[in-house]
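If you want the building blocks of each chain, they are given just below.
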Amino acid sequence: MNERPSVRIHPTADVSPQAEIGPGTSIWNQAQVRERARIGPGCIIGKNAYIDAGVAIGANVKIQNNVSVYHGVTVEDGVFIGPHVCFTNDRIPRAVNRDGSLKRDDDWEVSPILVRSGAAIGANSTVLPGVTIGRWAMVGSGSVVTRDVADYELVVGNPARRLGSACPCGEPLRDDTDGAAFAGPCPRCGEPFPPVEAG
C-alpha cells in the first residue's frame, strides 16, 4: 500500500519511511532521502540526489541531478539548485581524531546553511558551512560560496564575489562601473528594481 498516494517516488529511489514528503513532490531514480528529512509540497528531487538526515526543504523547490544536501541545510520555498551542487557542513573536516580513532557524530559540529526563498544556485557550485544565501539571490555556475550572499545579490567565482544583482525574474543586473547597484526597471520583465517590498 502506498502511504504517500500523491507523491511520485521512482522504484529505484531510497526514501526513508521516517522522511516527510509533501504532496505533489517527485523523487527520481537513485535519489536517497534520509530519515527525518522534511520535503515540502510540489518539489522535484532529481536523479541521484542525496538529501541527508534532518534536512528541511520548503515548497516548490527544484533540486537537479547529483546534488548533495547534507545535514544542517535548510532550503526555503521556491529555490532552484542546479546539477552537482554540494552543500558542506563541517568547517574542519577530518576522518580521524589525533589518536587515529575514527571520528564519530559527537566528534564534530554541524555548521548550518540557510538558502532563502527564491534563490538560485548554479551547476557545480559548492556552498561552505555556515553560509546564508539570501532571497532571490543568484549564484553563478561553478562558484565556491564562502560567505553570506545578500538578498537579490549575484555572485560568481572561487571564492564567489559580487558581480551585481539579480531580478526575481532571473535577469542578471550588473553594477555600474563606479560600483553602484543597478536601480530602475528590469530590462527583461520591466518591473522596478530593487523590488518594492510588500507591507
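Residues numbered from 1 in each chain as written. Predicted model: local features only at pLDDT ≥ 70, side-chain atom pairs only at ≥ 80, totals over all residues. Heavy atoms only, no water.

Examining the packing of aromatic side chains
- Scanning all chains against the criterion turns up 3 aromatic pairs.
- For the ring pair tyrosine 50 and tyrosine 70, a centre distance of 5.5 Å and an interplane angle of 50° mean the geometry is tilted. Of the two residues, tyrosine 50 is situated in strand β8 (residues 50-51) and tyrosine 70 in the loop between β11 (68-69) and β12 (73-75); the sequence distance between them amounts to 20 residues.
- Classification of tyrosine 70 by relative accessible area gives partly exposed; the value is 30%.
- Here the aromatic rings of tyrosine 152 and phenylalanine 193 are separated by 5.8 Å at their centres, their planes lie at 90°, and the arrangement is edge-to-face. Here tyrosine 152 is found in the loop between β20 (144-145) and β21 (153-156), whereas its partner phenylalanine 193 is found in strand β25 (residues 192-193), with 41 residues between them in sequence. (Phe/Tyr/Trp six-rings, centres within 6.5 Å; stacked < 30°, edge-to-face > 60°. Helix = DSSP H or I, 4+ residues; strand = E, 2+ residues; numbered from the N terminus. Buried < 20%, exposed > 50% of the residue type's maximum accessible area, 1.4 Å probe, protein only.)

Remarks on the nonpolar core
- Counting 39 residues, the largest nonpolar core has Val33, Ile51, Ile57, Ile63, Phe87, Val115 and Ile133 as the members making the most contacts within it.
- At the level of elements, β12 and β15 (113-115) are the ones that each hand at least two residues to this core.
- Once you skip the residues sitting within four places of it in the chain, valine 33 turns out to touch Asp14, Val15, Ser16, Ala19, Ile21, Ile27, Ile39 and Ile51.
- Listed in part, the 6 residues of the second largest apolar core include Cys167, Leu173, Cys186 and Phe193. (Core = buried A, V, L, I, M, F, W, Y, C linked by side-chain atoms within 4.5 Å. Contact = heavy atoms within 4.5 Å.)

Description of the sheet that holds strand β1 (residues 8-9)
- The strand order across the open sheet built from 10 strands is β1-β4-β7-β10-β13-β16-β19-β21-β22-β23, with neighbouring strands paired in mixed fashion. Strands with a single pairing partner mark the edges of an open sheet, and in this sheet they are β1 and β23 (172-174).
- Looking at chain direction, β1 and strand β4 (residues 26-27) are connected through 2 bridges and run parallel. By the bridge assignment, arginine 8 is partnered in β4 with serine 26. (Pairing = 2+ DSSP bridges.)

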